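Spelled out, the chains give:
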Amino acid sequence: MAASAAAKHVLVVGGGACGAFHASRIHSPATGTLVSVVCRSNYAAAAERGFTIHHAPHAPRAFTPHRVFPSTAAAAASRLPFAHILVFTKATTDTVELLTPLLRRTTQTQETAPPPPPATTVSIWQNGLGVEDGVTRAFPEVPCASVVMYVGMSIDDSDPTLVRAVPLQRAVMGPAVPAPSPSSSPSSAADSDASAAAAAAAAAAAIPAPIRDLHGLLTSPPTSLNVTLVPDIRPTRWHKSLWNATFGLVGLAAGLIREIVAAAERVLGRALPLAELGDEDELVRLTRGIGAYKASVLLDWERGRELEAEVLFGEVLRRGTAAGVDMPRMEALYAVVRLMIDQRAKALAAAAAGASTTTTTTTTTAAAADAVAADAGKVE
């Protein structure tokens, strides 16, 4: 199907491994779904040749986005009516600043451009706690979904458009701001079960239609992604923190997992449904099932990128301790991460200062030599 006004346009913000992989799955010109991608460091390469997706055990396949943009401002300038905007950037990026040109919230753009279509949704596909908060505050009228991914993928070191993904790929999606839970006082076990079922049905029905539409797009053929839709994403976000803060960085102790579980249950005000989401043993099995891979936080560190330390570790610690949970292991882990970041920053600053001094000394020496030579050539 050729691009037309009837096509459903989707924008993926972030052309890294996760963004490119999911964009490739959603893009379906034959059924009228056209996916464009905003890239940053790999923009030139992606615009020239698209992406290659190697999703084991399948053979590599080529993916050419409908459009490739160097920025969200450029995507906004295209005036394409994006029905869904999926954000895959690192949480170290200012998501509100990224989305502002697209959602036309500034005075300047409001004066020169019409508002986005009412069905536009934003979904945040980032690790950590609180990653959606700025977006929901800045754009309260835009349906916002929060997505937790359990994946293993990376961009190849030698090619910024080659994505390598392990077989495990699943995600959980829910409204970034869950509907309030109804309060009730059941008089019997039967009443309690009926009340819980009614509450679950009401919560599912409260999920905004545009978010349900996005979920349908992701899970229906030909996309067919493994994405579960839930009315309350917060337990899953806390559950993913068990993985991020342990297997994702140091593979530490069960004690750290217990601290995070305690913090999650205190903050949420209810038990974390580990039987449903996966307990410690299930996390270990899940991680082993991925096979040989490096966690994204380790790849970021090895490649000299800014770590998502605050949403992965700092926010878990702050929210847990604010709720009255003692978290000595999490505190120690966060302190080590911050120390590593600070030490690397100091080393880079020292190296930069040394390079600057060397350059200055070399320049000064060369200038002095030129002056001596000039003096030597003078005839008084």
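Our structure's up above, just so we're on the same page.
What counts as what
- Throughout, a residue's number is its position along its own chain's written sequence, starting from 1.
- Predicted model: local features are reported for residues with pLDDT of at least 70 only, side-chain atom pairs are reported and counted for 80 or more only, and whole-chain, interface and lining totals are derived from all residues.
- Note that the side-chain values use all heavy atoms of the structure and ignore hydrogens as well as water.
- Burial here depends on accessible area, computed with a 1.4 Å probe over protein chains only, as a share of the maximum for the residue type. Under 20% is buried, over 50% is exposed, and the range in between is partly exposed.
- In this text, helices come from DSSP runs of H or I with a minimum length of four residues, and strands from runs of E with a minimum of two, each type numbered from the N-terminal end.
- In short, DSSP must find at least two bridges between two strands for them to pair.
- For crossovers, right-handed means that the path from the first strand over the helix to the second runs clockwise, given strands pointing away from the viewer.
- Side-chain atoms alone can form a polar contact between residues adjacent in sequence; in general such a contact is a pair of N or O atoms within 3.5 Å, and within protein one must be able to donate a hydrogen while the other accepts it.

Trainee: Teacher, can you tell me more about the pairing of strand 1 (residues 8–13) here?
Mentor: Sheet faces and side chains relate simply in a regular strand, where the side chains alternate between the two faces. The element strand 1 is largely enclosed, with a buried count of five among its six residues. By the bridge criterion, six bridges tie strand 1 to strand 2 (residues 33–38) in an arrangement that is parallel. For H9, the partnering residue across the bridge sits in strand 2 and is L34. With respect to chirality, the unit in which strand 1 leads through helix 1 (residues 17–26) into the neighbouring parallel strand 2 is right-handed. With five bridges connecting them, strand 1 and strand 6 (residues 82–87) associate as parallel partners. Following the sheet pairing, L11 is matched in strand 6 by I85.

Trainee: Looking at this structure, I do not really get the pairing of strand 6. What am I missing?
Mentor: Among the six residues of strand 6, six are classified as buried, and the element is accordingly described as predominantly covered. Pairing of strand 6 with strand 7 (residues 121–124) involves four bridges; the strand directions are parallel. Bridging across to strand 7, L86 finds its partner in S123.

Trainee: Looking at this model, I keep getting lost on the side chain of R237. Mind explaining?
Mentor: Within the secondary structure, R237 sits in helix 9 (residues 234–245). A polar side-chain atom of R237 sits 2.7 Å from the main-chain carbonyl oxygen of Q126.

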